[in-house]
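# Reading the structure
Spelled out, the chains give:
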Amino acid sequence: MRDCYCTVNLDQEEVFRTKTLEKSLCPFYGEDFYCEIPRSFRHLSFYIFDRDVFRRDSSIGKVAVKKEDLQKYHGKDHWFPLQPVCADSEVQGKVHLELRLSEVITDSGGVCHKVLECQDLPIVNNQCDPYAAVSLLGPSRSEAKKTKVKRKNNNPQFDEVFFFEVGAHCQMTSLKYIFNDIETCSMYTCQYLNKLECCGKVHLFETQILKLPVSASAAHILGEVCREKQEAAVPLVRLFLHYGKIVPFLSAIAHAEISRTQDPNTIFRGNSLTSKCIDETMKLAGMHYLRVTLKPIIDEICTDHKPCEIDPVKLKESENLDTNRVMIRDDDDDDDDGVCVSAVDPDVRYTAVSSFIFLRFFAPAILSPNLFHLRPHHPDPYTSRTLTLVSKTIQTLGSLAKSKSANFKESYMAAFYDYFNEQKYADAVKNVSGYHVQFMIKRAQGRNRFGLKNFKKRWFRLTNHEFTYHKTKGNAKEGALCSIPIENILAVERLEEESFKMKNMFQVIQPERALYIQANNCVEARDWIDILTKVSQCNRKRLSTYHPSAFLNGHWLCCKLSADTAPGCTPCTGGLPANIQLDVDGDRETERIYSLYSTYMAKLVKMQEACGSKSVYDGPEQEEYSTFVIDDPQETYKTLSLVISAVQTLEQQHMQYKRDKFRKTKYGSQ
């Protein structure tokens, strides 16, 4: 039997690890992992390990999917055969070589070989110390030469020349190149760039949202043809957020849904495009807020496994009902405190409709924390039951009604909720600070003029008021080694690798100095930059420029200025306005929309037929067309014609681009 866990890697950089399932040859993880990929990569890899208490964990196998093949498996379950993990299978990167033979090989002739540079070499355990070895191999001789080692650099510049003497009668079998102790199979890489032009589609959406009935818009049509409404909601919300049009978009689709709703109690509760778009907007805008408020409490519930069952029918013999009520009450109190005390935005407690926010935002996050990226996997049944009870209570708290007993179907919940009928809980809901803790490496800030500026591992803690680091994880009451008030954060930006020859570094810039920090991987670095930027985005003294490299040896490495107080040489990237703005790639989201239209082309055609049928015939609607919501057949038909024409035109351009690119591609070139 094996104790197995799985890691998710961008090439060879680990960005996620599952729990370990003990004594199993058929482990089922059922874990979800979500991240915005912050850098280029070639393979998405999954490694399976067997945990060993006394020795290094052994690799069982891996699955590596090329970046260009990922779309083949989108939305599908698939069994992949495990491949062995060996040196040959871990080859990654590109090498730039120059090889020159003497024009006339005489007894003193030779081969000149120049190793220029490498790109995208693998990073293993956050390290990459490459060198290149060149060997001349023949039947009767073998000669090898090496470059210098380039420390902590996966894009090394070697620029070293080697000369091999080859006589007129010497047989040369091959030249062999080794990089990072891994033999390369080829000297060049042919890279195909897949480009898609999707101009004008955003304008089409915006014009229709503002001028046409929303049910005749391209956005509504996308929601109607997609198999799952969520498929359409994700790119639509991101695209409208990116262009600052999310409010008129949500207003338009919400108004249309309200006008079609028969029962007011079902508004925004069905599986509609409107409800999915609202959910996605809240999830995107409030992700960091959930991490700060709810994640610590949910982590504690999932770790402690305290008995919290309050249904007398489901109570185990060894459990006590009163004790369990106290346990679940404490969890509810913690969740209520985490949510209700926090208020980064001073207006949120007055403008948010508490029942809607608690029902559609907080309660689902507690019930399924993995879907909101608060936990790496779905909780076990025991913990899930506890979260269900907490979620029910939170929902009822959010409705702000004085008498709650009638809101519960279960009598045991009605009796339990009497505890929360006090006015302080209603007041707390109306006032709708948590924390984020992680282990990272930081460089001393040089507050002592003669102190050493070395690197140390510390526990970092973020609240809505301060950013601190500590020697141990401990509790927040311990004295912090350093405390940075949120209002003193002027910018949070990446730090270029050349500064300290270290990957995944970022800087927290303060009025007098910058704190340099190394995260565990590229995903965590991006997350910290994102959350620190968001909590400090309203600071009045935020910088507009910064130095992307460190101040070392009396000057800034980026601009070479000698004054440590010199203004930045590069525009800041994190200057977000106070309203909802996110780091969204508009082109990528437009490509997603194009891809969805292309995938569901048959449904677009069928919806067009349904519009024609509805316009011509006044009789009963044909069953095959009844799945589409069409309020204005003529306008919807016009929009469908535009969409179909645009998609077909793009497909033709795309195919022509690929044909041209294939014809111009030269093997051996980048």
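In this text the structure is predicted, and so the values were computed from the model without any measurement. (Residues numbered from 1 in each chain as written. Predicted model: local features only at pLDDT ≥ 70, side-chain atom pairs only at ≥ 80, totals over all residues. Heavy atoms only, no water.)

## Observations concerning the overall build of the protein
Filter applied, for reference: Here a helix means four or more residues in a row that DSSP labels H or I, a strand means two or more in a row labelled E, and each is numbered from the N terminus. Only protein chains enter the area calculation, which uses a 1.4 Å probe; residues under 20% of their type maximum are buried, those over 50% are exposed, and those in between are partly exposed. What sets the accessible areas is the Shrake-Rupley method with a 1.4 Å probe; for residues, cover comes only from the shown protein chains.
Helix and strand counts for the protein come out as 16 helices and 22 strands. With 670 residues in all, the protein has 44% of them scored as buried. Element-wise, carbon and sulfur atoms account for 52% of the exposed surface of the protein, whose accessible area totals about 36,700 Å².

## Points about helix 4 (residues 246-260)
At 3.6 residues per turn, the α-helix brings residues three or four places apart onto the same side. To be explicit about the condition: To estimate the expected span of a helix, count its residues, drop one, and scale the result by 1.5 Å.
Taking 1.5 Å of rise per residue, the 15 residues of helix 4 would be expected to cover 21 Å, and the 21 Å separating its terminal C-alpha atoms lies within 8% of that figure. Buried within helix 4 we find Ile-246, Phe-249, Leu-250, Ala-252, Ile-253, Ala-254, Ala-256 and Glu-257.

## Observations concerning the confidence of the model for the protein
Note the threshold: Every residue carries a pLDDT, the predictor's confidence in it, which falls somewhere between 0 and 100. Note on definitions: a residue-residue contact is assigned when non-hydrogen atoms from the two residues lie within 4.5 Å.
Looking at the protein, pLDDT values average 77 and 74% of them are 70 or higher. pLDDT under 50 marks residues 575-581. Its contacts with residues more than four places away, or in other chains, come to ten contacts.

## Here's the deal with unusual backbone geometry
Excluding glycine, most residues fall at negative phi; most peptide bonds, likewise, are trans. Not every positive phi belongs to a glycine, and Lys-501 is a case in point at roughly 55°. Judged by its relative accessible area of 39%, Lys-501 is partly exposed. Phi at Asn-553 takes a positive value of approximately 55°, unusual for a residue other than glycine. Along the chain, the position of Asn-553 falls in the loop between strand 20 (551-552) and strand 21 (555-556).

## Description of the environment of Met-413
Mapping Met-413 onto the fold places it in helix 11 (residues 411-417). In sequence terms Met-413 and Thr-393 are 20 residues apart; their C-alpha atoms lie 8.2 Å from each other.

## Remarks on the nonpolar core
Note the cut-off: Nonpolar core, defined: a set of buried Ala, Val, Leu, Ile, Met, Phe, Trp, Tyr and Cys residues in which side-chain atoms within 4.5 Å join the residues together.
Judged by nonpolar contacts, the single largest core of 61 residues is most densely connected at Leu-236, Phe-249, Phe-362 and Leu-604. Phe-467, Cys-482, Leu-515 and Ile-531 belong to the second-largest nonpolar core, a separate cluster that totals 22 residues.

## Topic: the sheet that holds strand 4 (residues 58-66)
To keep it simple, the criterion reads: DSSP-based pairing: two strands are paired if at least 2 bridges between them are found. Convention adopted: a line fitted to C-alpha atoms gives each axis, helices being fitted over their contacting stretch, and angles between N-to-C directions are expressed from 0 to 180 degrees.
Strand order in the open sheet formed by four strands is 2-1-3-4, with antiparallel pairing between adjacent strands. Each end of this open sheet is capped by a strand with a single partner; those strands are strand 2 (13-17) and strand 4. In this sheet, adjacent strand axes meet at a mean angle of 30° when their direction is disregarded. Bridging between strand 1 (residues 4-10) and strand 3 (residues 43-50) involves seven bridges; their strand directions are antiparallel. Paired with Cys-4 across the strands is Asp-50, a residue of strand 3.

## What to know about the packing of helix 5 (residues 273-293) against helix 6 (residues 295-304)
Selection criterion: Small angles under 35 degrees read as roughly parallel and large ones over 145 as roughly antiparallel, with 65 to 115 read as roughly perpendicular and the rest as oblique.
For the pair helix 5 and helix 6, interaxial distance at closest approach is 4 Å and the crossing angle is 50°. Here helix 5 lies oblique to helix 6, going by the angle between them. Here Leu-290, Arg-291, Val-292 and Thr-293 of helix 5 come into contact with helix 6, specifically with Lys-295, Pro-296 and Ile-297.

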